[in-house]
Amino acid sequence: MGMSAPGGGPLTDEELYAYIETMMLLAIADGTVKDVELHVIQMAVVSYLENHPALGSMTRQELVDLCYNAAQRIYDEGAQRRLNEAARILDTSEKRMYALGMGVAVSTSDGVVHKTERDALRMIQVAFGLDEEQVKQAIDAFR
């Protein structure tokens, strides 16, 4: 998946971080970050970096660290606070749907959407002001 911003413009670092935090929220929803979930996140972020040569010098380890730092902020500050911040940064419905879609990709990467992941999706839906149909569209896209 190419990670240019919805609408074609480049993502800012702040937007990238909001996308990563949204994905990490789903990855840590069941209490552990599975390798398959981290791999999905890495692939999404790697494709972003490939489109932004200035950031292309980021190593895989730096990328892993970025993901774990995002998870740590969620643990430290709480999921709701971090999601509210992501919603502030991702200020259009298109960007929020994109983030939700990336989160769904993570939550469905092991083939099962667990109850804790469904709860996290609901939390994202509320924070991002999305309706049931938008969430269903995002989930259906990955079936």
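Computed from a predicted structure; not experimentally measured. (Residues numbered from 1 in each chain as written. Predicted model: local features only at pLDDT ≥ 70, side-chain atom pairs only at ≥ 80, totals over all residues. Heavy atoms only, no water.)

Trainee: Whenever I open this one, the nonpolar core confuses me. Can you help?
Mentor: The nonpolar side chains of a soluble globular protein tend to be buried with one another. Counting 44 residues, the largest nonpolar core has Ile20, Met23, Met24, Ile41, Leu100 and Phe128 as its most contacted members. Elements that contribute at least two residues to this core include exactly helix H1 (13–27), helix H2 (35–50), helix H3 (60–77), helix H4 (79–89), helix H5 (93–107), helix H6 (115–128) and helix H7 (132–140). A per-element tally of this core places H1 first, with ten residues. With residues near it in sequence (within four places) discarded, leucine 100 still touches Leu121, Ile124, Leu130, Gln134, Val135 and Ala138. (Core = buried A, V, L, I, M, F, W, Y, C linked by side-chain atoms within 4.5 Å. Buried < 20%, exposed > 50% of the residue type's maximum accessible area, 1.4 Å probe, protein only. Helix = DSSP H or I, 4+ residues; strand = E, 2+ residues; numbered from the N terminus. Contact = heavy atoms within 4.5 Å.)

Trainee: Before we go on, may I ask you to explain the pattern of salt bridges in this structure?
Mentor: When the charged atoms of two side chains lie near each other, side chains of opposite charge can form a pair. Following the criterion strictly, the structure yields twelve salt bridges and no others. Among the salt bridges present, the one from arginine 82 reaches glutamate 77, with a minimum N-O distance of 2.9 Å. Residue glutamate 77 is classed as partly exposed on the basis of its relative accessible area of 28%. A salt bridge links glutamate 85 to arginine 88; the shortest N-O distance between them is 2.6 Å. (Salt bridge = Lys/Arg side-chain N within 4 Å of Asp/Glu carboxyl O.)

Trainee: Please clarify how the confidence of the model for the protein chain should be interpreted in this entry.
Mentor: Caution applies to low-pLDDT regions: their predicted coordinates should not be interpreted in detail. Per-chain confidence: the protein chain averages 80 in pLDDT, with 83% of residues scoring 70 or above. No element of the protein chain has a lower mean pLDDT than H2, which averages 73, and none a higher one than H4, which averages 94. (pLDDT = per-residue confidence, 0-100.)

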